[in-house]
Amino acid sequence: MAAEKNEKLPGYEELHRQVQSGSVGNIYIFQGEETYLMQQAVAELQALLVPPGFEEFNYHRLSGKGLTVQELTEVTEAMPMMAEHTFVTVTDMDIFKLDEPQRTALTALLGDFPEYCTLVFLYRQIPYKKDARLKKLASALAEHAQEIEFAQQGQQKLFRWVRRRFAAMDKEIDDNAVEHLLFTCGSLMDGLVPEIAKIGAYARGKRVTVADIDAVADPVLDAEVLAELLRMQEEPIRILAALGKMLRQLYTARLAIDGGKDRVWLKDLWRMKSDYPARKLLDSARNVGRDWCREAVKRCQVLDRRMKSERNMDSEGELKLLLMELAGAR
């Protein structure tokens, strides 16, 4: 049964327990930010359901783009070969945007699904958005599908995972360096995997240091890489949104300093997972004034409204101009 609204959805650990016990369901919906764990879950299901050497016959990977429910039905109803189960994954099929005949066919398939098949709808590039107005389809999914959310991991789990990744390369890393890694590269495992590999290969000593991380890691979006993103043809409106969030955080950090607030207050305000980003933000805020922060936030808001309302606007040029003016004023 799918979770009721506002109820916390089961995650990777619950699915892992199902696989370990051998009692997996027939239909799943995998959604969430942590695509690394999503892929881990797919691999575990494959190992459980598909005997080695029979993947070509019993494991079917389908792209949701352009896929019809008739084609999906034919695949899911195909009998397993030299095995008890078949395994089917469908990536990024926006099932609530199907036309009515397709929705009706999908509802029928869900209600009379073959017991030997396990079907997983994977949402990696597009979000999974339920539409309660489509009552028959929504009801069929709630009755027959299990929705699994692959959310970002908590700090303790993420720290242990990072240490295990480095340990596999015969490297050690302390808490301070792990915090710096997550601050620099983000907390999504999928993005951290290649960064950890680079850092581990670069580090000369057994213990990974902050200097090792700074030497080779690619930072997540920050003020110093916005211009590079423009050259990479990232949408100016998305860059502006990221810049605006950063400046709002900086402004609140400046207000915290002026008002005698500490890093705990700032961490709670922005729902940060550790003290480290709050400390770094406070350090940065000490180098700017309140007036500069307030004006910078206001300028971002004005440009955001203009980008969304003015036609034929040179959004890239206006964003570059804003960045130069903010740097000059600072």
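Residues numbered from 1 in each chain as written. Predicted model: local features only at pLDDT ≥ 70, side-chain atom pairs only at ≥ 80, totals over all residues. Heavy atoms only, no water.

Participant: Any chance you could explain the overall build of the protein here in plain terms?
Facilitator: A count of helical and extended segments in the protein gives 16 helices and seven strands. Taking the principal axes of its C-alpha atoms as reference, the protein extends roughly 70 × 55 × 35 Å. Sorting the 330 residues of the protein into buried and exposed places 42% on the buried side. Looking at the protein alone, contacts between residues at least 24 apart form 74% of all its contacts between residues at least 6 apart. Of the roughly 18800 Å² that the protein leaves accessible, carbon and sulfur atoms contribute 49%. Taking the average location of the 46 positive side-chain charges in the protein and that of its 51 negative ones, the two points are 7 Å from each other. (Helix = DSSP H or I, 4+ residues; strand = E, 2+ residues; numbered from the N terminus. Buried < 20%, exposed > 50% of the residue type's maximum accessible area, 1.4 Å probe, protein only. Contact = heavy atoms within 4.5 Å. Areas by Shrake-Rupley, 256 points an atom, 1.4 Å probe, with all protein chains shown as cover. Lys, Arg positive; Asp, Glu negative; His and termini not counted. Charge placed at Lys NZ, Arg CZ, Asp CG, Glu CD.)

Participant: Explain a negative patch on the surface to me, please; I cannot follow it from the model alone.
Facilitator: Together, Glu71, Glu74, Glu77 and Asp112 make up a negatively charged patch on the protein surface. In this structure, glutamate 77 sits in helix α4 (residues 69-77). When its relative accessible area of 44% is taken as the criterion, glutamate 77 is described as partly exposed. (Patch = residues over 30% accessible without salt bridge, like charges linked within 9 Å, V, L, I, M, F, W, Y side chains within 5 Å. Salt bridge = Lys/Arg side-chain N within 4 Å of Asp/Glu carboxyl O.)

Participant: What is the right way to look at the environment of isoleucine 173 in this model?
Facilitator: On the secondary structure map, isoleucine 173 appears in strand β6 (residues 172-173). Classification of isoleucine 173 by relative accessible area gives buried; the value is 8%. Each C-alpha atom, one on isoleucine 173 and one on glutamate 14, is 29 Å from the other, the two residues being 159 residues apart in sequence. Aside from chain neighbours lying at most four places away, what touches isoleucine 173 is Val162, Arg163, Phe166, Val178, Arg207 and Val208.

Participant: Just checking my understanding: could you explain the packing of aromatic side chains for this structure?
Facilitator: The geometry of an aromatic ring pair comes down to the distance between the two centres and the angle between the two planes. Scanning all chains against the criterion turns up six aromatic pairs. Centroid distance phenylalanine 30 to phenylalanine 150: 4.9 Å. Interplanar angle 65 degrees. Geometry classified as edge-to-face. With phenylalanine 30 in strand β1 (residues 27-31) and phenylalanine 150 in the loop between β5 (146-149) and α7 (155-167), this pair connects stretches of sequence that are 120 residues apart. Using a relative accessible area of 0% as the deciding quantity, one classes phenylalanine 30 as buried. Centre to centre, the rings of tyrosine 59 and phenylalanine 87 are 4.9 Å apart; their planes meet at 20 degrees, and the pair counts as stacked. Highlighted residues: tyrosine 59 in strand β2 (residues 59-63) and phenylalanine 87 in strand β3 (residues 86-91), separated in sequence by 28 residues. (Phe/Tyr/Trp six-rings, centres within 6.5 Å; stacked < 30°, edge-to-face > 60°.)

Participant: What am I meant to see in the sheet that holds β3 here?
Facilitator: Strand pairing within a sheet occurs via backbone hydrogen bonds; the two strands may be parallel or antiparallel. Spatial strand order, β2-β3-β4-β1-β5: five strands in an open sheet with parallel pairing. In this open sheet, the two edge strands, each paired with only one partner strand, are β2 and β5. Between one strand axis and the next, the sheet turns by 20 degrees as a mean value, whatever way the strands run. In this sheet, β3 lies alongside β2 in parallel orientation, the contact comprising five bridges. The residue of β3 that forms the bridge with histidine 60 is valine 88. (Pairing = 2+ DSSP bridges. Axes fitted to C-alpha atoms, helices over the stretch in contact; angles between N-to-C directions.)

Participant: Sorry, what's going on with the confidence of the model for the protein here?
Facilitator: Reading predicted coordinates in detail is not appropriate for stretches of low pLDDT. For the protein, per-residue confidence averages 89 on the pLDDT scale, and residues scoring 70 or more make up 92% of the total. Throughout residues 1-6 the model reports pLDDT below 50, and contacts reaching past four residues in sequence, or to other chains, amount to nine contacts. (pLDDT = per-residue confidence, 0-100.)

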